[in-house]
Amino acid sequence: MSTATPESQAELLARQTARRLYDQGPTTVYSHVGDKRFSYCLYVPESIEDATRPVDLVVVVHGSNRAMETYRNSFAEFGRWNDCIILAPLFPVGVQGDGNGDGYKQILEGDIRYDQILLDMVTEVGKKYGRHFDTFGLFGYSGGGQFTNRFCYLHPDRLWAASIGAPGSVTLLDTDRKWWVGVADMETRFGKALNLDALRQVPIHMVVGAADLETWEITHRPGGKHYMEGANDAGRTRPERLERLRASFEAAGVKATLDQIPNVPHMGIKVMPAAQKFFAAVLRERRARQVQQ
């Protein structure tokens, strides 16, 4: 026989108040349950309380400066007005004690699979809020743009849209070149073959500032950490490399749009509105189809 007592009205009110204060709106930083070396913060719209209302998930991935809260805050109004949880992960520098800041950009670092870390975070957030995010939108800028570019190849079935922002290096959709320049040996490296049919179903957006022209950080030189044959073949600047990436998608039958924002240098906050406009348009179509079904 159960000895539990019914929750009092005061206790229920206190629990609801705490949830609104700490688990909705811009949240604190949470340690990832599956691997406490990583963490994330959220924006959660009030509409999460209405179980009958569709709420989607958008993941925003930081660049090399790890400004995850800035990314979350920049997407907060979008999340509020479009009924989306915003998940901003933190992938720290030097996770393995070696000072490496590029691990997440490459997806694989030692025994760490950053794509799986993110997927586990998505599952964790879904459980916390009683939702199932089988697919989500993904935006990344600079280093996060590299992550997004490569995540698209590995998990197109998990995305309802992706926006790739100003990556310094791109992995072309080229089956004649080895990873990371191309995708020829992707299955050998990651144990997963490219699902081109699934990728063709994902709306893809690419965005970069038209004045994002500095090359000092993105030129690969012999002996460099990520140097390999063809490392610079996509172009000198970020706009050139992103256009080459778009062209490689198009050649493979994957539709991708590219926005070059006038007078904008390498500043993620300046290109986020274009990504948000793209996601909003995709969501309108997606939800309209869901209503019809």
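Provided above is the structure to which this section pertains.
Residues numbered from 1 in each chain as written. Predicted model: local features only at pLDDT ≥ 70, side-chain atom pairs only at ≥ 80, totals over all residues. Heavy atoms only, no water.

> It is not clear to me how the overall build of the protein should be interpreted in this structure. Could you clarify?
On a plain count of helices and strands, the protein comes out with nine helices and 10 strands. A compact globule built from 293 residues would reach a C-alpha radius of gyration of about 19 Å, and the protein, at 20 Å, matches this within 12%. Based on the C-alpha atoms only, the size of the protein along its principal axes is roughly 70 × 45 × 35 Å. Relative to its 293 residues, the protein shows a buried fraction of 54%. Across the protein, the fraction of contacts at a sequence separation of at least 24, relative to all contacts at a separation of at least 6, is 69%. A total accessible area of about 14200 Å² is found for the protein, and carbon and sulfur atoms account for 50% of it. Taking the average location of the 35 positive side-chain charges in the protein and that of its 35 negative ones, the two points are 2 Å from each other. (Helix = DSSP H or I, 4+ residues; strand = E, 2+ residues; numbered from the N terminus. Rg over C-alpha atoms; globule rule 2.2 N^0.38 Å. Buried < 20%, exposed > 50% of the residue type's maximum accessible area, 1.4 Å probe, protein only. Contact = heavy atoms within 4.5 Å. Areas by Shrake-Rupley, 256 points an atom, 1.4 Å probe, with all protein chains shown as cover. Lys, Arg positive; Asp, Glu negative; His and termini not counted. Charge placed at Lys NZ, Arg CZ, Asp CG, Glu CD.)

> Please explain the pattern of salt bridges as it appears in this structure.
Side chains that carry opposite charge are capable of pairing whenever their charged atoms lie near each other. Enumeration over the complete set of coordinates arrives at 18 salt bridges. Residue R246 pairs with E250 through a salt bridge whose shortest N-O separation is 3.0 Å. Linking R246 with E250, this pair stays in helix α8 (residues 238–251), spanning four residues, or about one helical turn. Owing to a relative accessible area of 17%, R246 belongs among the buried residues under this scheme. Among the ionic contacts, a cluster of salt bridges with common partners joins D56, R286 and R287. (Salt bridge = Lys/Arg side-chain N within 4 Å of Asp/Glu carboxyl O.)

> Sorry if this is basic, but what is going on with the pairing of strand β9 (residues 204–209) here?
Two faces belong to every sheet, and in a regular strand the side chains alternate between them. The element β9 is extensively covered by neighbouring structure, given that six of its six residues are classed as buried. Of the two faces of β9, both are covered, the one formed by I204, M206 and V208 as well as the one formed by H205, V207 and G209. Two elements, β9 and strand β10 (residues 256–261), share six bridges in a ladder whose sense is parallel. Across the sheet, residue M206 finds its bridge partner in β10, namely L258. (Pairing = 2+ DSSP bridges.)

> Just checking my understanding: could you explain the sheet that holds β10 for this structure?
The pairing of strands in a sheet comes from backbone hydrogen bonds and takes either a parallel or an antiparallel form. Ordered by their spatial adjacency, eight strands build an open sheet running β1-β2-β4-β3-β7-β8-β9-β10, and the pairing between neighbours is mixed. At either margin of the open sheet sits one strand with a lone partner, and together these are β1 (25–31) and β10. Sheet twist, expressed as the mean angle between neighbouring strand axes with direction ignored, is 20 degrees. Together, β3 (56–61), β7 (136–141), β8 (159–165) and β9 form the strand contacts of helix α5 (residues 143–154), whose direction differs from that of β7 by roughly 140 degrees. Packing of α8 onto the sheet brings it into contact with β8, β9 and β10, and relative to β9 it is tilted by some 165 degrees. (Axes fitted to C-alpha atoms, helices over the stretch in contact; angles between N-to-C directions.)

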